[in-house]
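What the coordinates show
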Amino acid sequence: MLGFLLQFPRASSRDQPWSGKTRWLERRVAHSSGGRSKTLQSSRGGLGRSSKKRWALSGTLADASGRPISAGQGEMHNGETTLGPSGSAAPTTTTAAVVDAAIGGGQNRLPRERPVSVAVAGRNQLSSQRWSKIVCTIGPKTCSLEAIYQLAEHGMNIARLNMSHGSHEWHHNVIEKIRAVNKSGKYNIGILLDTKGPEVRSGDLKAPIKVARGQRFIWTVRRDIPPEQLASDFPYITDVSYDDFINDVNVGDILLVDGGICSFVIVEKRGLDVISECLDEGVLTSRRHLNVRGKSASLPALTEKDWDDIRFGVERNVDFYALSFVKHEDDIIQLQEYLREHAPGQTPLVLAKIESAQAIPRLRQILEAADGAMVARGDLGAEIPVEEVPIVQEEIVYLNRAMHKPTIVATHMLESMIVYPTPTRAEVTDITEAIRQGSDATMLSGETANGSYPLEALTVMDTVAKSVFHQEQEGLLCAALSPVERSTGATLERDLLSDPMVSMTEAAASLATGVDAACIIVFTKSGRVASLVSSARSRCPIYAFTPSESTARKLTLFWGVTAFSLEFCPDPEVTVHRSLEELTRRGLIRKNELAVIVSDLLVRDDFSVDSIQVRRA
Ligand SMILES: Nc1ncnc2c1ncn2[C@@H]1O[C@H](COP(=O)(O)OP(=O)(O)O)[C@@H](O)[C@H]1O
Ligand SMILES: C=C(OP(=O)(O)O)C(=O)O
């Protein structure tokens, strides 16, 4: 048995909050136009890690059996086995069987409580070599138990609930079904609640309207128009969800429907009506996004409806909140404070949706405050010039990586698959680029919510994401695996270097490459250590073992991490053995393969030690 150990004694501050105060990396230069700033393309070096970041592999050797120093000092709880006898459902389990078990009928076939309850099997996991994660929006096409199970089976890691649509009852039922699929023991699906935010939408229509170029169209905030009159007469008239629309727009403004499906120029304001003329023809359907180019609605980021929806999320302990139309870091801080006060014991991640023109000048501060971000390219591309969206996307992904925070790239990723069963080449390239940039997750919206080919779209995204992994294996450079620059002298670096766990996790990733390890194993309570290993972008899978199911669900968002629920045993050596046994049983590591283990399990009552070990399975 080969074994060595790097160890770092420390006081009992074990798991730190997820969004430790890190400073951003100064890599932007002021850009004169419109007071905004732009990214400078930075050279990120090759795939090798900078020697500055490499830990010297000196440290106390473990004993020949790889037994760490505290082994034997803790109590051995015989019989307190925390790993289940069979773990996940067998890959051959039918959908019907799992669904049956999930809803309570299959107790004899699938144990309802599994100590290792979290997803690993099959296509959902990195055993099939996908680093990046997939978020699927649940909608009318995918809200049945069967459909959610199938999404899980085809690779969904996180289910997104868009609070712009659907009643609380509808969302409650979906959450119950996701929980049921999780309870089946085979999958670990995180739940993301996406707030409606201060978005402006058109009203409900009886039927879609085809609008031709030059045609007059009236947008109204009158609330007394009989529904049969809306959109029925020429010139067409439809209502707008936001009363101040009439004050926010001016003659000459360009109004975009769904980010540009069709567009209008405002030609007149008359009382509560705004008269427009169609510039780009298209079809208007119910509850479409309305954006005025270059302007954000003058509404608070958190509306009354949002607070109501957040209370709904707290009651159901959702894992992520994506806050729409964030304009200022205070929006994020307000929600985080609310959750601290009203959701004690819950530690959901608050993600900033970057989609508002007003967010761009404060991007740095917003990302710093949030636990992660979503590049919401639909609204973003309507509020800022569309050609700037890729620049903002790359910047967000890069900065979040520098701050060890996850990014979701969202919207239009496989838009054509709402209607067609195959993707365009441009869509495939878009997904590939988002992953190569290093985003933690890519998202499907209408493709899974109400498209004709939800499973096909998910399969394409899954396949493309896996292909990035294979490209890298073939030696093609992948920016996602390059280290982010932390050596600019910026305050960010000082903050990072003052946290030894950051350097340790980078060392673990580097060590895993150096010894050609099959995987990195992390023991983590809050998930923070696993998130740090994730952001070090190792080339091998990261298996995180945690006693908290909620932490396991949050880790669904992080690049390369597969999480397992596992009760930690007082004797850390037992816990390590159980994890290795479990991975071996699942075929995720083979006998004699090496694993790098990052752990703070070496504990006496008042003493914990951070360690990196190399062990053979
Ligand atoms: N919970 C839901 N109930 C009904 N329809 C939904 C729901 N979620 C999504 N949809 C439909 O799927 C479409 C695409 O989803 P998404 O991109 O999340 O919405 P949007 O772009 O409208 O914010 C929506 O426009 C809507 O028609
Ligand atoms: C993800 C987005 O937000 P939503 O679907 O809520 O409008 C977007 O605008 O790209």
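Under an unreviewed UniProt entry, the name given to the protein chain is Pyruvate kinase, and the organism recorded is Cyanidioschyzon merolae. Per UniProt, the protein chain carries the Cofactor (unreviewed entry) text "K(+)". Taken from UniProt, the Catalytic activity (unreviewed entry) comment for the protein chain reads in full: "pyruvate + ATP = phosphoenolpyruvate + ADP + H(+)".

**Considering helix α3 (residues 168-183)**
Every α-helical turn comprises 3.6 residues, leaving residues that sit three or four positions apart pointing alike. In this model, α3 (16 residues) spans 22 Å end to end at C-alpha, consistent with the 22 Å of a helix rising 1.5 Å per residue. Listing the buried residues of α3 in full gives H171, V174, I175, I178, A180, V181 and N182. Immediately downstream of α3, the backbone of G185 shows phi near 90°, a positive value.

**Topic: the sheet that holds strand β18 (residues 407-410)**
Within the closed barrel, the eight strands sit side by side as β4-β5-β6-β15-β16-β17-β18-β19. Their pairing is parallel. Between one strand axis and the next, the sheet turns through 25° on average, direction left out of account. Note that strand β4 (residues 133-137) and strand β5 (residues 158-162) share three bridges and pair parallel. Within the sheet, the bridge partner assigned to T137 lies in β5 and is R160. Relative to β5, α3 is tilted by about 175°, and along the sheet it contacts β5 and β6 (190-194).

**A short note on the packing of aromatic side chains**
The full count for this structure, using the stated rule, is eleven aromatic pairs. Relative to Y338, the ring of W307 has its centre 5.0 Å away and its plane inclined at 50°; by these criteria the two rings are tilted. Within this pair, whereas W307 is found in helix α5 (residues 304-315), its partner Y338 is found in helix α6 (residues 329-342), the two being separated by 31 residues in sequence. Y338 matches W307 in its accessibility class, with the two residues each being buried. Members of the aromatic cluster, joined through ring pairs, are F523, Y543, F545, F564 and F568.

**A short note on the site of ligand 1**
Around ligand 1, the surrounding shell holds 16 residues, and the nearest of these are R160, N162, H165, R201 and R288. Residue R160 places a side-chain N or O atom 2.8 Å away from an oxygen atom belonging to ligand 1. H165 has a polar side-chain atom sitting 2.8 Å from an oxygen atom of ligand 1. When ligand 1 is considered free in solution it has 530 Å² of accessible area, and contact with the protein chains removes 83% of it. Residue assignment for the shell around ligand 1 shows that the elements contributing at least two residues are β5, α3 and α11 (446-449). Class assignment of the residues belonging to the shell around ligand 1 gives a composition of four nonpolar, nine polar and three charged.

**What to know about the packing of α3 against α5**
The interhelical angle for the contact between α3 and α5, taken along N-to-C directions, is 30°, at an axis separation of 11 Å. By the criterion of interaxial angle, the relationship of α3 to α5 is roughly parallel. When the axes of α3 and α5 are compared, the crossing they make is right-handed. Between α3 and α5, the contacting residues are H168, H171, H172 and I175 on the first element and D308, D309 and F312 on the second. Its residues assigned to classes, the contact of α3 with α5 shows two nonpolar, three polar and two charged.

**A closer look at the site of ligand 2**
With respect to spatial proximity, the complete set of residues near ligand 2 consists of R160, N162, H289, K353, E355, M374, A376, R377, G378, D379 and T411. At 2.8 Å, a side-chain N or O of D379 approaches an oxygen atom of ligand 2. Elements supplying a minimum of two residues to the shell around ligand 2: β5, β17 (372-376) and α8 (377-383). Here the element with the most residues in the shell around ligand 2 is α8; it accounts for three residues. Residue classes in the shell around ligand 2 are distributed as two nonpolar, four polar and five charged.

**Regarding helix α15 (residues 528-535)**
With eight of its eight residues buried, α15 lies for the most part within the structure. Within α15, burial applies to R528, V529, A530, S531, L532, V533, S534 and S535. Within two residues after α15, R537 carries a phi angle of roughly 55°, on the positive side.

**Topic: the confidence of the model for the protein chain**
Interpretation of this model should avoid reading the predicted coordinates in detail wherever pLDDT is low. Across the protein chain, the average pLDDT comes to 77, with 72% of residues at or above 70. Segment residues 487-491: pLDDT under 50, and eleven contacts once partners within four positions in sequence are set aside and those in other chains are kept.

**A short note on the sheet that holds strand β9 (residues 236-239)**
One open sheet accounts for six strands, arranged β9-β8-β12-β11-β10-β14; its pairing is mixed. Lying at the two open borders of the sheet, with one neighbouring strand each, are β9 and β14 (290-292). Averaged over all adjacent pairs, the angle separating strand axes in this sheet is 35°, with direction ignored. Bridging between strand β11 (residues 262-270) and strand β12 (residues 273-280) involves seven bridges; their strand directions are antiparallel. By the bridge assignment for β12, I266 is matched with S276.

**Some words on the side chain of H289**
Examined against the element boundaries, H289 turns out to sit in the loop between β13 (282-284) and β14. Classification of H289 as buried rests on a relative accessible area of 18%. Within polar-contact distance, the side chain of H289 engages the side chain of D379 at 3.2 Å. Ignoring any residue separated from it by four or fewer positions in sequence, one finds H289 in contact with E199, V200, R201, L256, V257, D258 and D379.

**Side note on the state of the cysteines**
Going through the model one piece at a time under the given rule, you end up with zero disulfides. As a non-bridged cysteine, C262 has C278 as the owner of its nearest cysteine sulfur, 6.0 Å distant. Among the residues examined, C278 registers a relative accessible area of 3% and is labelled buried.

**Overview of the pairing of strand β15 (residues 320-323)**
Covered by surrounding structure in β15 are F320 and A322 together with Y321 and L323, the residues of both alternating faces. Of the strand pairs in this sheet, β6 and β15 are connected by three bridges, and their pairing is parallel. The partner of D194 across the bridge, within β15, is A322. The sheet contact formed by β15 and strand β16 (residues 349-354) spans four bridges and is parallel.

**Notes on the nonpolar core**
One finds M156, I310, L335 and L339 to be the most contacted residues of the largest nonpolar core, which totals 75 residues. Top element by residues in this core is helix α12 (residues 454-473). It accounts for eight residues. Not counting residues within four places of it along the chain, the set of residues in contact with L335 comprises L302, W307, I310, Y321, L323 and V350. A517, I520, A530 and V561 belong to the second-largest nonpolar core, a separate cluster that totals 41 residues.

How each quantity is defined
- Residues numbered from 1 in each chain as written.
- Chains lettered and ligands numbered in written order.
- Predicted model: local features only at pLDDT ≥ 70, side-chain atom pairs only at ≥ 80, totals over all residues.
- Heavy atoms only, no water.
- UniProt positions renumbered as here; feature names shortened; annotations may be inferred.
- Helix = DSSP H or I, 4+ residues; strand = E, 2+ residues; numbered from the N terminus.
- Expected span 1.5 Å × (residues − 1).
- Buried < 20%, exposed > 50% of the residue type's maximum accessible area, 1.4 Å probe, protein only.
- Pairing = 2+ DSSP bridges.
- Axes fitted to C-alpha atoms, helices over the stretch in contact; angles between N-to-C directions.
- Contact = heavy atoms within 4.5 Å.
- Phe/Tyr/Trp six-rings, centres within 6.5 Å; stacked < 30°, edge-to-face > 60°.
- Near = heavy atom within 4 Å.
- Polar contact = N/O pair within 3.5 Å; in protein donor to acceptor, adjacent residues only side chain to side chain.
- Areas by Shrake-Rupley, 256 points an atom, 1.4 Å probe, with all protein chains shown as cover.
- Nonpolar A, V, L, I, M, F, W, Y, C, P; charged D, E, K, R; others polar.
- Parallel < 35°, antiparallel > 145°, perpendicular 65-115°, else oblique.
- Left-handed = near helix turned anticlockwise from the far one by under 90°.
- pLDDT = per-residue confidence, 0-100.
- Disulfide = S-S within 2.5 Å.
- Core = buried A, V, L, I, M, F, W, Y, C linked by side-chain atoms within 4.5 Å.

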